[in-house]
Amino acid sequence: ATPRSTARQLVREALERYGLAPEEGTSGEYVLCDVVGRPGGPGGAWQVEHLRPVGDAERPLVLQDVWKPKSGCSRRFEIRRRQEVERVCEGEDAETAGEPRACPPPRPRRCHRWRRRVG
C-alpha cells in the first residue's frame, strides 16, 4: 500500500493475494472498514468500538495520518462483506448485535499554523 492507493485497489489486491476473487466483479462484494477498538475482550479478543466503511476512492494511508484514535484505543483496517457492513449500519444484524453501529466519518484535525503577530 502507498499513500496513493485507494480502498478499492487495496481490497482487490488482498482478495487476489488470498485467492478469494477469481472473477472481476467479486471485489465489489467487499469493503474496507476503518475499525477502532481495543484488545481486552474475552480471551484478549479485539473489542470493536467504532466501525466505518471506507469509501472506495478514499486513501487509507492518508486517512491514517489525518487522525488518531483516542488514548487507549487503536485502529485497524478490516475487509468485510459489504452486505454485512450495511446490516451493521442499519442495526439489523442479530449476529453482530454486540458490535457497534457504524459511525460517521471522523472530522480530521486541522493543522494550525502559529502565526506571530506583528504589533
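Everything that follows concerns the structure shown earlier in this document.
Sequence positions are assigned chain by chain, starting from 1 and proceeding in written order. Reporting of local features is limited, given that this is a predicted model, to residues whose pLDDT is at least 70; pairs of side-chain atoms are given and counted only at 80 or more, and all residues count toward the totals for whole chains, interfaces and linings. Side-chain figures throughout are based on the complete set of non-hydrogen atoms in the structure, without hydrogens or water.

**Q** Can you walk me through the overall build of the protein chain in this structure?
**A** Secondary structure is summarised from DSSP: a helix means a run of H or I of at least four residues, a strand means a run of E of at least two, and numbering begins at the N terminus for each. If you tally the helices and strands in the protein chain, you get 3 helices and 3 strands. Ordered by position in the sequence, the α and β elements of the protein chain form the string α-β-β-α-β-α. With 119 residues in all, the protein chain has 28% of them scored as buried. For the protein chain, contacts bridging at least 24 residues in sequence account for 58% of all contacts bridging at least 6. Throughout this description, buried means an accessible area under 20% of the type-specific maximum (1.4 Å probe, protein chains only), exposed means over 50%, and partly exposed covers the range between. Contacts: residue pairs with any heavy atoms within 4.5 Å of one another.

**Q** What exactly am I supposed to notice about the pattern of salt bridges here?
**A** Side chains that carry opposite charge are capable of pairing whenever their charged atoms lie near each other. Throughout this description, the term salt bridge denotes a Lys or Arg side-chain nitrogen within 4 Å of a carboxyl oxygen of Asp or Glu. Enumeration over the complete set of coordinates arrives at 10 salt bridges. In this structure, the salt-bridge partner of Arg 75 is Asp 34, at a minimum N-O distance of 2.8 Å. In this pair, Arg 75 is assigned in strand β3 (residues 74-81) and Asp 34 in strand β1 (residues 30-39), connecting sequence segments 41 residues apart. Just as Arg 75 is buried, Asp 34 falls in that class too.

**Q** What's the story with the pairing of β1 in this structure? I'm lost.
**A** Within β1, 8 of the 10 residues are buried, which leaves it mostly tucked inside the rest of the structure. Paired strands, in this sense, are two strands between which DSSP finds at least two bridges. Bridging between β1 and β3 involves 8 bridges; their strand directions are antiparallel. If you follow Cys 33 over to β3, its bridge partner there is Glu 78. Strand direction decides the pairing type here: β1 and strand β2 (residues 46-53), joined by 7 bridges, are antiparallel. Paired with Val 35 across the strands is Leu 51, a residue of β2. Between β1 and β2, which pair antiparallel and follow one another directly, the connecting turn spans 6 residues, one of which, Gly 40, has a positive phi of 130°.

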